[in-house]
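Spelled out from the first residue to the last, the chains are:
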Amino acid sequence: MKHSLIRLLARPLYYMGFDADCFFEWLNENFGGKTELIRFFHEQRDMVAKVFEELELCVKYYDTGYDNREAFVEDFKKLGISHDEILRIYGEEAGR
């Protein structure tokens, strides 16, 4: 669930040109008074970085319409993501 929450917030920012470092700058500037939210994301710093890696990898498949599921799964395995989570990401990105 943490992964999904991070993806929901990070995805639009990624497509606006943010990377993980910019994400934390933006977070601090816009939610600095919300200490629980800031703490959550800082505790999940490694997962935030991984989500930005995932989103970068998704761009590789965007122009193909995600028509090569096997290659998608193999590429995502290299990031150390569980098979179930890869399939969830694939479904989300491919609109399936």
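Structure shown above.
Chemist: Explanation requested: the packing of helix α1 (residues 2-15) against helix α6 (residues 83-94) in the structure shown.
Modeler: Packed helix pairs are characterised by how far apart their axes lie and by the angle those axes make with each other. Orientation of α1 relative to α6, taken along the N-to-C sense of each, is 40 degrees, at an axis distance of 13 Å. Overall, the two elements α1 and α6 adopt an arrangement that is oblique. Handedness of the crossing formed by α1 with α6: right-handed. Facing His3, Ser4, Arg7, Arg11 and Tyr15 of α1, the residues of α6 in contact are Glu85, Arg88, Ile89, Glu92 and Glu93. Of the residues assigned to the contact of α1 with α6, the class counts are two nonpolar, two polar and six charged.

Chemist: Before we go on, may I ask you to explain the packing of aromatic side chains in this structure?
Modeler: Each pair of aromatic rings is reported with the distance of its centres and the angle of its planes. All told, the structure shown has 13 aromatic pairs when counted by the stated rule. On the numbers, 6.5 Å between centres and 85 degrees between planes, the contact of tyrosine 66 with tyrosine 90 is edge-to-face. Here tyrosine 66, found in the loop between α4 (45-62) and α5 (69-77), pairs with tyrosine 90, found in helix α6; they are 24 residues apart in sequence, far enough to count as distant. You can call tyrosine 90 buried: its relative accessible area is 6%. Here a set of aromatic residues connected by ring pairs shows up, and it is made of Tyr14, Tyr15, Phe23, Phe24, Trp26, Phe31, Phe40, Phe41 and Phe52. Directly above the ring of phenylalanine 24 sits arginine 45, whose terminal nitrogen or CZ lies 3.9 Å from the centroid.

Chemist: Before we go on, may I ask you to explain the pattern of salt bridges in this structure?
Modeler: What the rule picks out here adds up to ten salt bridges. Two residues, glutamate 36 and arginine 39, come together in a salt bridge whose shortest N-O distance is 2.8 Å. Here the residue glutamate 36 and the residue arginine 39 both occupy positions in helix α3 (residues 35-43), the gap between them amounting to three residues, near one helical turn. Relative accessible area serves as the criterion here: at 55%, glutamate 36 is assigned to the exposed category.

Chemist: What is the right way to read a negative patch on the surface from this model?
Modeler: On the surface, a cluster of negative charge is contributed by Asp19, Asp21, Glu25 and Glu29. Note on placement: aspartate 19 falls in the loop between α1 and α2 (20-31). Overall, aspartate 19 belongs to the partly exposed group, its relative accessible area being 37%.

Chemist: How do you make sense of the packing of α5 against α6 when you look at a structure like this?
Modeler: In contact at an axis separation of 10 Å, α5 and α6 are set at 130 degrees when each is read in the N-to-C sense. On the basis of the axis angle, α5 is oblique to α6. The chirality of how α5 crosses α6 is right-handed. Facing α5, whose interface residues are Arg69, Phe72, Val73, Phe76 and Lys77, α6 presents His83, Ile86, Leu87, Ile89 and Tyr90. Of the residues assigned to the contact of α5 with α6, the class counts are seven nonpolar, one polar and two charged.

Cut-offs and rules
- Residues numbered from 1 in each chain as written.
- Predicted model: local features only at pLDDT ≥ 70, side-chain atom pairs only at ≥ 80, totals over all residues.
- Heavy atoms only, no water.
- Axes fitted to C-alpha atoms, helices over the stretch in contact; angles between N-to-C directions.
- Helix = DSSP H or I, 4+ residues; strand = E, 2+ residues; numbered from the N terminus.
- Parallel < 35°, antiparallel > 145°, perpendicular 65-115°, else oblique.
- Left-handed = near helix turned anticlockwise from the far one by under 90°.
- Contact = heavy atoms within 4.5 Å.
- Nonpolar A, V, L, I, M, F, W, Y, C, P; charged D, E, K, R; others polar.
- Phe/Tyr/Trp six-rings, centres within 6.5 Å; stacked < 30°, edge-to-face > 60°.
- Buried < 20%, exposed > 50% of the residue type's maximum accessible area, 1.4 Å probe, protein only.
- Lys NZ or Arg CZ within 6 Å of the ring centre and 35° of its normal.
- Salt bridge = Lys/Arg side-chain N within 4 Å of Asp/Glu carboxyl O.
- Patch = residues over 30% accessible without salt bridge, like charges linked within 9 Å, V, L, I, M, F, W, Y side chains within 5 Å.
- Areas by Shrake-Rupley, 256 points an atom, 1.4 Å probe, with all protein chains shown as cover.
- Lys, Arg positive; Asp, Glu negative; His and termini not counted.
- Charge placed at Lys NZ, Arg CZ, Asp CG, Glu CD.

Function cannot be read off these values alone, since they describe shape.
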